[in-house]
Amino acid sequence: TTVIHILLRPEACELLGIASIKMMALTPSSDIRRRRRRNDRRDISRGSRSFVSCAITGATMIQLLILPRIRALGLVPPERLRRLLDSTHRGDAPIQLMPCVYDGLTARLVAQSGFNVTFMTGFGVSSSRGFPDTQLISYHEMLMHADSVAEGLSSAALELSPNAPVAIPCIADGDTGYGNAINVKRTVHGYARSGMAGVMIEDQVSPKRCGHVLGKSVVGFDEAVQRIRAACDARDEYEALFGVKGPLILARTDSLVTDGFEDAIRRCQAFREVGCDMTFLESPTSKDQMREYCERVSGWKLANMLEGGRTPILPPAELQSMGYTMAAYPLTLLSASIKAMRESLDLIHEGKSTCDKILQFSETKDVVGFTKYSKEEQRYKYD
């Protein structure tokens, strides 16, 4: 038996529960045997303070993929999101407000503005690529945007708090999962690898569309439930594989419009029964529907505050008093930017100055990261 000593931060030990460190059977190579003979005690987390000894046989090794991702307080994105939502659910914190993002720049802006959490909107991603939200873009394209959003959140965190950077968690729009239940699982795993804290899966028929436009339809009850079950299984499989929490699952139903309020409630309740972490009843049309949904469905719940949509726009405090945990603002940044760009384009077309419509160049450079880049450039300068 070989003993490997692993150094972990106390916070990480608490999070992982120690026993969650996974073992993986491997055929020991000669190189591994040589390393064992040289030194059977290895510090794999420099600067950490407490250690755990794990006795393993010669044919096993500990999966170390989890360690590079434990940062700041030792919390991976899903666990940070879970703690935020728990705090709101207990009444210890206000409702979590989520301006929705769709690329690295909007992600940086939301983080720089001091929000705790965000959501990557499929409507915004589609629009930024020149398409309506009718699932004309693919899983791969959504995944590329998730990578860009994650990079934007990370770069903003490093600039805002270089000594203890913490990127705010992001929930990604997984649409219908891009196929059958097996595709749903692949979607969840892909977003997990991109650093997403949560994934939303919905019950529309593919190709889906924005929940506040005409022409949408939903799959049958059993298929919808199995879709969410697959997403939850993927979340749990990710934890089993890598020893860290997989993305939280946000289960959305659009059946209120197509099959009525009672069917929508039944679906949300069934989604909770198969293990989803959060629910999202799309397009309630009155305060009474919103309140009844919160009363009859357990767990964390999302309110969708789409300006001009079907759902009443309510103050955050009122949403929280109803029982909502999160409030998403899916198109605010996109719509505001379209308006500002149109006004600027009109001024250019008319030959007028745009100075009153735009930021100073120095501020624009700072927002996109030039200030941080220049400091880093000087840090690594050489003769």
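Residues numbered from 1 in each chain as written. Predicted model: local features only at pLDDT ≥ 70, side-chain atom pairs only at ≥ 80, totals over all residues. Heavy atoms only, no water.

A. The overall build of the protein, seen in detail. Per the secondary structure count, the protein includes 15 helices and 12 strands. Buried residues in the protein amount to 47% of all 383 residues. Element-wise, carbon and sulfur atoms account for 53% of the exposed surface of the protein, whose accessible area totals about 19,100 Å². (Helix = DSSP H or I, 4+ residues; strand = E, 2+ residues; numbered from the N terminus. Buried < 20%, exposed > 50% of the residue type's maximum accessible area, 1.4 Å probe, protein only. Areas by Shrake-Rupley, 256 points an atom, 1.4 Å probe, with all protein chains shown as cover.)

B. The arrangement of the packing of aromatic side chains in detail. This model, assessed by the stated rule, comprises 3 aromatic pairs. Note that Arg266 overlies the ring of Phe221, its terminal NZ or CZ placed 3.6 Å from the centroid. (Phe/Tyr/Trp six-rings, centres within 6.5 Å; stacked < 30°, edge-to-face > 60°. Lys NZ or Arg CZ within 6 Å of the ring centre and 35° of its normal.)

C. Quick peek at the pairing of strand β9 (residues 248-253). For β9, the buried fraction is high: 6 of the 6 residues fall into the buried class. Across 5 bridges, the pairing between strand β8 (residues 198-202) and β9 is parallel. Opposite Gly198, over in β9, you have Leu248 as the bridge partner. The pairing of β9 with strand β10 (residues 278-281) spans 4 bridges and is parallel. Looking across to β10, one finds that Leu250 is bridged to Met278. (Pairing = 2+ DSSP bridges.)

D. Structural view of unusual backbone geometry. Phi angles above zero are rare outside glycine, and Gln135 is one such case at about 60°. Tracing the chain through its elements places Gln135 in the loop between α5 (122-128) and α6 (139-160). Even without glycine at this site, Tyr178 takes up a positive phi of about 65°. Counting through the fold element by element, Tyr178 comes out in the loop between β7 (170-173) and α7 (181-193).

E. Structural detail: the packing of α7 against helix α8 (residues 221-242). Two elements in contact, α7 and α8, have axes separated by 8 Å at closest approach and are oriented at 40°. Our classification of the angle between α7 and α8 gives oblique. The element α7 and its partner α8 pack so that their crossing is right-handed. Counting all contacts with α7, which are made through Ala181, Val184, Lys185, Val188, His189, Ala192 and Arg193, the residues of α8 involved are Arg227, Ala230, Ala231, Asp233, Ala234, Arg235, Glu237, Tyr238 and Leu241. A per-class count over the contact of α7 with α8 returns 9 nonpolar, 1 polar and 6 charged. (Axes fitted to C-alpha atoms, helices over the stretch in contact; angles between N-to-C directions. Parallel < 35°, antiparallel > 145°, perpendicular 65-115°, else oblique. Left-handed = near helix turned anticlockwise from the far one by under 90°. Contact = heavy atoms within 4.5 Å. Nonpolar A, V, L, I, M, F, W, Y, C, P; charged D, E, K, R; others polar.)

F. How the structure looks around the side chain of Thr354. Considering the arrangement of structural elements, one finds Thr354 in the loop between α13 (332-349) and α14 (361-368). Since its relative accessible area comes to 18%, Thr354 is described here as buried. Those residues within four positions of Thr354 in sequence are excluded, and the remaining contacts are Ser344, Leu347 and Ile348.

G. Layout of the sheet that holds strand β12 (residues 326-329). Sheet architecture is closed into a barrel: 8 strands sit in the order β5-β6-β7-β8-β9-β10-β11-β12, paired in parallel fashion. Taken pair by pair, the neighbouring strands of this sheet meet at an average axis angle of 25°, ignoring direction. Against the sheet, α6 touches β5 (96-101), β6 (118-120) and β7, its axis set at about 155° to β6.

H. Quick look at the environment of Phe261. Its place among the elements puts Phe261 in helix α10 (residues 261-273). As a C-alpha pair, Phe261 and Glu292 span 31 residues in sequence and 9.9 Å in three-dimensional space. Contacts of Phe261, omitting those with residues within four sequence positions, involve Leu256, Leu281, Gln289, Glu292, Tyr293 and Arg296.

I. Geometry of the packing of helix α4 (residues 104-112) against α6. Between α4 and α6, whose axes approach to 7 Å, the crossing angle comes to 35°. Seen along the crossing, α4 lies across α6 with a hand that is right-handed. Here Gly104, Ala107, Arg108, Ala111 and Gln112 of α4 lie close against α6, whose contacting residues are Ser148, Val149, Gly152, Leu153, Ser155, Ala156, Glu159 and Leu160. Looking at the contact of α4 with α6, its residues break down into 6 nonpolar, 5 polar and 2 charged.

J. Up close: a nonpolar patch on the surface. Residues Leu105, Leu109, Val368 and Phe370 make up a contiguous nonpolar surface patch of about 340 Å² in total accessible area. Mapping Phe370 onto the fold places it in helix α15 (residues 370-379). (Patch = residues over 30% accessible without salt bridge, like charges linked within 9 Å, V, L, I, M, F, W, Y side chains within 5 Å. Salt bridge = Lys/Arg side-chain N within 4 Å of Asp/Glu carboxyl O.)

K. Just the pattern of salt bridges, in detail. Enumeration over the complete set of coordinates arrives at 25 salt bridges. Ionic pairing is found between Asp277 and Arg82, a salt bridge with its closest N-O pair at 3.7 Å. Taken together, the positions of Asp277 in the loop between α10 and β10 and Arg82 in helix α3 (residues 77-90) put the pair 195 residues apart, joining distant regions of the chain. Accessibility expressed as a relative area gives 22% for Arg82, which makes it partly exposed. Ionic pairing is found between Asp288 and Arg291, a salt bridge with its closest N-O pair at 3.5 Å. One end of the pair, Asp288, and the other, Arg291, are both in helix α11 (residues 287-296), 3 residues apart, so they sit about a helical turn from each other. Accessibility expressed as a relative area gives 57% for Asp288, which makes it exposed. The class of Arg291 is partly exposed, set by a relative accessible area of 32%. Each member of the salt-bridge network shares a partner with another, and the members are Glu79, Arg82, Arg83, Arg235, Asp236 and Asp277.

L. Representation of the nonpolar core in the model. Judged by nonpolar contacts, the single largest core of 46 residues is most densely connected at Met120, Leu153, Tyr191 and Ile228. Mapped onto this core, the elements with two or more residues apiece are α4, α6, β7, α7, β8, α8, β9 and α10. The dominant element in this core, judged by the number of residues it contributes, is α6, at 9 residues. Excluding residues within four positions of it along the chain, Met120 makes contact with Val101, Tyr102, Val125, Met142, His145, Ala146, Val149, Cys170, Ile171, Ala172, Asp173 and Tyr191. Leu281, Ala303, Met305 and Tyr324 belong to the second-largest nonpolar core, a separate cluster that totals 19 residues. (Core = buried A, V, L, I, M, F, W, Y, C linked by side-chain atoms within 4.5 Å.)

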